[in-house]
Protein chains: 2
Amino acid sequence: MASVTLKDVAKVADVSYATVSRAVSGSPEISEETRRRILKICKEMGYTPNSIARSMVKRCTNILGLIVPSLNNPFMSELTADLEIYARNRGYNLMVCNSSYDHDLELEVFSLLIGRQVDGVIMIPVGHEPYESLSALTKQVPTVFISENMQDYPENYVSVDNYRGMQIATEYLFSLGHRDILYFGARSNSKTHELRLDGYLSSCEKLGMTPHVLRSTYSRSSREVGYALAGEYFSQPRQETAILCSADMLAIGVKQAAYEAGIRIPKDVSLMGFDNISFSALPEIDLTTINQPTQQIATSAVDMLLDHIRDPEAERTNLILPPSLIERKSCRSVRA
Amino acid sequence: MASVTLKDVAKVADVSYATVSRAVSGSPEISEETRRRILKICKEMGYTPNSIARSMVKRCTNILGLIVPSLNNPFMSELTADLEIYARNRGYNLMVCNSSYDHDLELEVFSLLIGRQVDGVIMIPVGHEPYESLSALTKQVPTVFISENMQDYPENYVSVDNYRGMQIATEYLFSLGHRDILYFGARSNSKTHELRLDGYLSSCEKLGMTPHVLRSTYSRSSREVGYALAGEYFSQPRQETAILCSADMLAIGVKQAAYEAGIRIPKDVSLMGFDNISFSALPEIDLTTINQPTQQIATSAVDMLLDHIRDPEAERTNLILPPSLIERKSCRSVRA
DNA sequence: ACAGGTAACGTAAACGTTTGCGTAAAACAG
DNA sequence: CTGTTTTACGCAAACGTTTACGTTACCTGT
């Protein structure tokens, strides 16, 4: 398990270990001949450069931290995969941490990642409230958020246009004839979910509908949360003809509860989600939803972060990507 | 961005930096009084220990590598989440790498992780064939596989009992009256999938059924692969009354193809999966399957790896966990 | 009071790299 | 052939820790 170091190969090659370093790191100040000779010896001895030691002196680790609320939500796990692959192709590895939708834990793993000397952090924040403590952290390391943030927190971020996305959803349901639309969301104080709600509310106002909002006490956008909340809702008389969920996972939970309550979708009630996770495309789910350009979010987030790492003084940029309607079979027209 | 080091706080506290180190690392050879004084100064100056430097001298990083074929499969992403959380609670961070079901890439990221000086590697292997090259890597760092491996590769591993699991599935379908069962698998040469197939074959022999096997040319157990392969299959006349898939994701793809071909499940054909991903519990999917004890796999894998790290000479242990049948509504009895 | 022990802290080496600087030899210009 | 530049390499410091060892000062027991 004791690995071979520069000094070891230097001894064998009968050169100083600085020369070996230059050979392996591709420095120009070395002759092609000795480079080939040394690299051959490296192979033979099974030398692997110690990136920890390299990080010490170069003062960068080529490691990125990723803080994500959960990997059980396919939107986030697929995003994580895209981030990892893209980052690795650009020479960076990803240290992944679950915040488990816990605000304190989120901050805790953030400083843990800083202690790990990551070169940058990508974070999907769970909420928005106590971000004074977060600022103290983002000052220490380049950070990009996958979330929308307002002027009061002008860090780098990339996101789908949540506000517009939910407007599109609301307008779509309106165009189908729905006039009583229930907005169904997790209790998250994140900007992302705040803007989605605002988009719904603004469209309601514009279209002259009275909004109905039902929010869970949990901040987690999971199937279980949607299921539990919808179970209650369906047990009582209702007037809404459509349910607009702030996430596909919630919608899937709602659908499950509807199924068990004998309520058919879209016959008895229309259902929409947001995110367009891959499972929503299943014929049995067939959920009309708003698409997030996951891959583009991932590549942009990494690009923005690397730019910021290379030039910390550069101006912060934000990127809002356009959402799009994915029309499937979970909504029906209720025109008379 | 320039962080404060031991020397900086030593200067302020007017002690040697060794003393500061002892204060923060909880060494006993320091008085309680100076410890408190130094820790207070650390807080004030915002000192965060540099774990890179610590890793240099302690010769361990407290980082674990995870190599996973894909995060798009909920079985793997949920497993990843469990691994990360459990490992973090034991003081280790996770560096996650996708192998994308690519054998060469798998080996490439493995050596990349070794260069990163990870203390151990957890790997869900994509295949089994060219494992001479893998041995060269596992010799360099403690490794545990989440997969079954045979005597020819006696590394640490933890897995559900794939062979028995598929026997249970086959026997279950038999007990329902099925005599023509199609085994539907991805072309994976991993031990995991090999054993699942073997379990099916052995049960067929024991129960006097002639096996029918259909395998994809892709090694990826994805919805798309299941969909494509089943599309072909359903376009031709068939005699089988049940389809047994080597993974839930495949079964979900099969179900989608069946839906589009107008074939109803379980009325026209019964369907079974393997893994018990959370989506299989949805009423619209409602897939009868074999459960993997994900959480236990995750904790055991981490425990085994940490044991191995602490005592590299210790004997390798393997853990085979019992599978269990999850009976849902995707299979029907065909007794006359 | 004195030997011996212990508690608390300082000194310095070490971990494996990278890299600025120095220097010898080789290449070149005149 | 001399003087200058260039090339290829060695030397040594530095990155921020940990820790074995030394060294005080203080506390024991007799």
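Scroll up for the structure.
Conventions used here
- Residues numbered from 1 in each chain as written.
- Chains lettered and ligands numbered in written order.
- Predicted model: local features only at pLDDT ≥ 70, side-chain atom pairs only at ≥ 80, totals over all residues.
- Heavy atoms only, no water.
- Helix = DSSP H or I, 4+ residues; strand = E, 2+ residues; numbered from the N terminus.
- Rg over C-alpha atoms; globule rule 2.2 N^0.38 Å.
- Buried < 20%, exposed > 50% of the residue type's maximum accessible area, 1.4 Å probe, protein only.
- Contact = heavy atoms within 4.5 Å.
- Areas by Shrake-Rupley, 256 points an atom, 1.4 Å probe, with all protein chains shown as cover.
- Lys, Arg positive; Asp, Glu negative; His and termini not counted.
- Charge placed at Lys NZ, Arg CZ, Asp CG, Glu CD.
- Near = heavy atom within 4 Å.
- Polar contact = N/O pair within 3.5 Å; in protein donor to acceptor, adjacent residues only side chain to side chain.
- Nonpolar A, V, L, I, M, F, W, Y, C, P; charged D, E, K, R; others polar.
- Salt bridge = Lys/Arg side-chain N within 4 Å of Asp/Glu carboxyl O.
- Expected span 1.5 Å × (residues − 1).
- Core = buried A, V, L, I, M, F, W, Y, C linked by side-chain atoms within 4.5 Å.
- Buried area = accessible area lost by both parts, 1.4 Å probe.
- Least-squares fit on C-alpha atoms with pLDDT ≥ 70 in both.
- Patch = residues over 30% accessible without salt bridge, like charges linked within 9 Å, V, L, I, M, F, W, Y side chains within 5 Å.

Undergrad: Would you mind going over the overall build of chain A in detail, with residue names and values included?
TA: When helices and strands are counted, chain A shows 12 helices and 12 strands. The C-alpha radius of gyration computed for chain A amounts to 25 Å, which surpasses the reference 20 Å derived for 336 residues by more than 25%, pointing to a less compact arrangement than a globule. Once the C-alpha set of chain A is aligned to its principal axes, its extents read approximately 90 × 40 × 30 Å. Burial statistics for chain A: of 336 residues in total, 57% are counted as buried. Counting only contacts in chain A whose residues sit at least 6 apart along the sequence, the fraction spanning at least 24 positions is 72%. With an accessible surface of roughly 14300 Å², chain A has 51% of that area assigned to carbon and sulfur atoms. With 34 positive and 40 negative side-chain charges, chain A shows a spacing of 6 Å between the two charge centroids.

Undergrad: So what about the protein's contact with DNA strand D? Which residues, and what values?
TA: Within the structure, DNA strand D sits among 28 residues, and Thr-19, Thr-34 and Arg-59 of chain A together with Leu-6 and Ser-21 of chain B are positioned closest to it. Close to the protein, within 4 Å, the atoms of DNA strand D belong to sugar or phosphate groups at a rate of 62%. Ala-53 of chain B has a polar backbone atom sitting 3.4 Å from a base nitrogen of DNA strand D. Within the side chain of Arg-54 of chain B, one N or O atom sits 3.0 Å away from a phosphate oxygen of DNA strand D. A total of five residues in the surface near DNA strand D trace back to one element, the largest contributor, which is helix H4 (residues 51–58) of chain B. Residue composition of the surface near DNA strand D, by class: 14 nonpolar, eight polar and six charged.

Undergrad: So what about the pattern of salt bridges? Which residues, and what values?
TA: By the definition in use, this model includes 22 salt bridges over all chains. The closest approach of N and O atoms between Asp-275 of chain A and Arg-196 of chain A, which form a salt bridge, is 3.5 Å. One end of the pair, Asp-275 of chain A, is in the loop between strand E9 (270–272) and strand E10 (289–291); the other, Arg-196 of chain A, is in helix H9 (residues 191–207), and 79 residues separate them in sequence. No difference in accessibility class separates Asp-275 of chain A from Arg-196 of chain A, as the two residues are buried. Across the salt bridge formed by Glu-32 of chain B and Arg-35 of chain B, the nearest N and O atoms sit 3.2 Å from each other. Here Glu-32 of chain B pairs with Arg-35 of chain B, and both are found in helix H3 (residues 32–45), just three residues apart, close to one helical turn.

Undergrad: Lay out the protein's contact with DNA strand C in plain terms, naming residues and giving numbers.
TA: Around DNA strand C, the structure places 28 residues, and the nearest of them are Leu-6 and Ser-21 of chain A together with Thr-19, Arg-22 and Arg-59 of chain B. When atoms of DNA strand C within 4 Å of the protein are sorted by moiety, sugar and phosphate together comprise 61%. Measuring from a phosphate oxygen of DNA strand C, one finds a backbone N or O atom of Leu-6 of chain A at 2.8 Å. Separating a base nitrogen of DNA strand C from a backbone N or O atom of Ala-53 of chain A is a distance of 3.4 Å. Those elements that provide at least two residues to the surface near DNA strand C are helix H2 (17–24) and helix H4 (51–58) of chain A together with helix H2 (17–25) and H4 of chain B. Of the residues forming the surface near DNA strand C, the biggest block, five residues, is contributed by H4 of chain A. Broken down by class, the residue content of the surface near DNA strand C amounts to 14 nonpolar, eight polar and six charged.

Undergrad: Please set out helix H5 (residues 74–89) of chain A residue by residue, giving values where relevant.
TA: The α-helix advances 3.6 residues per turn, and as a result positions three or four apart in sequence lie on the same side. Residue and element names in this part refer to chain A. Compared with an ideal rise of 1.5 Å per residue, which puts 16 residues at 22 Å, H5 spans 22 Å between its outermost C-alpha atoms and is within 8% of the ideal. The N-capping residue of H5, defined by a side-chain oxygen 3.0 Å from the backbone nitrogen of Phe-75, is Asn-73. Taken from the residues just after H5, Gly-91 is the one with a positive phi, measuring 90 degrees.

Undergrad: Outline the nonpolar core, listing residues and values.
TA: Within the largest apolar cluster, 107 residues are counted, with the highest numbers of intra-cluster contacts made by Leu-83 and Ile-243 of chain A together with Leu-83 and Ile-243 of chain B. Within the second largest apolar cluster, 36 residues are counted, among which are Ile-63 and Met-95 of chain A together with Leu-105 and Val-121 of chain B.

Undergrad: I'd like a rundown of unusual backbone geometry, residues and numbers included.
TA: Residue and element names in this part refer to chain A. A cis amide bond, omega 10 degrees, links Ile-265 with the succeeding residue Pro-266. Along the chain, Pro-266 falls in the loop between helix H11 (248–260) and E9. Positive phi, close to 55 degrees, is recorded for Asn-62, a residue that is not glycine. The topology assignment puts Asn-62 in the loop between H4 and strand E1 (63–68). Even without glycine at this site, Ser-100 takes up a positive phi of about 50 degrees. Here Ser-100 shows up in the loop between strand E2 (93–98) and helix H6 (103–115).

Undergrad: Kindly report on helix H5 (residues 74–89) of chain B, identifying the contributing residues and their values.
TA: The buried fraction of H5 of chain B amounts to 12 of the 16 residues, a majority that puts the element mostly inside the structure. When we look at burial in H5 of chain B, the residues that qualify are Pro-74, Phe-75, Met-76, Ser-77, Glu-78, Leu-79, Thr-80, Ala-81, Leu-83, Glu-84, Ala-87 and Arg-88 of chain B.

Undergrad: Residues and numbers for the interface of chain B and chain A, please.
TA: The interface is formed by 55 residues belonging to chain B together with 55 residues belonging to chain A. Here chain B packs against chain A, burying approximately 4700 Å² in sum over the two surfaces, 61% of which is carbon and sulfur. Counting every contact that joins chain B to chain A gives zero salt bridges. Connecting chain B to chain A are 18 residue pairs in polar contact (both at pLDDT 80 or more). Elements with a minimum of two residues in the side of chain B that touches chain A: H4, H5, strand E2 (93–98), helix H6 (103–115) and helix H11 (248–260) of chain B.

Undergrad: Quick one: what's the story with the relation of the copies chain B and chain A, residue by residue and with numbers?
TA: When chain B is fitted to chain A, the residual RMSD is 0.1 Å, and the transformation amounts to a turn of 180 degrees plus an axial shift of 0.0 Å. Viewed as a symmetry operation, the transformation between the two copies matches a two-fold axis. By C-alpha distance to the rotation axis, the residue of chain B lying nearest is Met-95 of chain B, at 2.3 Å. When you check the interface residues of chain B against chain A, 100% turn up at the interface there too, and the contact is symmetric in its surfaces.

Undergrad: Run through a nonpolar patch on the surface, naming residues and quoting values.
TA: Where nonpolar side chains cluster on the molecular surface, the patch consists of Met-56 and Val-57 of chain A together with Met-56 and Val-57 of chain B and spans about 380 Å² of accessible area. Of all elements in the fold, only H4 of chain A together with H4 of chain B reach the threshold of two or more residues within the nonpolar patch. With respect to the helices and strands, Met-56 of chain A occurs in helix H4.

Undergrad: Explain the environment of Gly-185 of chain A to me, and be specific about the residues and the numbers.
TA: Residue and element names in this part refer to chain A. With respect to the helices, strands and loops of the structure, Gly-185 is situated in strand E6 (residues 181–185). Considering only alpha carbons, one finds Gly-185 and Leu-214, 29 residues apart in sequence, at a separation of 6.4 Å. In this structure, Gly-185 is in contact with Leu-214, Arg-215, Ser-216, Leu-229, Ser-246 and Leu-250, ignoring residues within four places of it in sequence.

Purely geometric numbers; function is a separate question.
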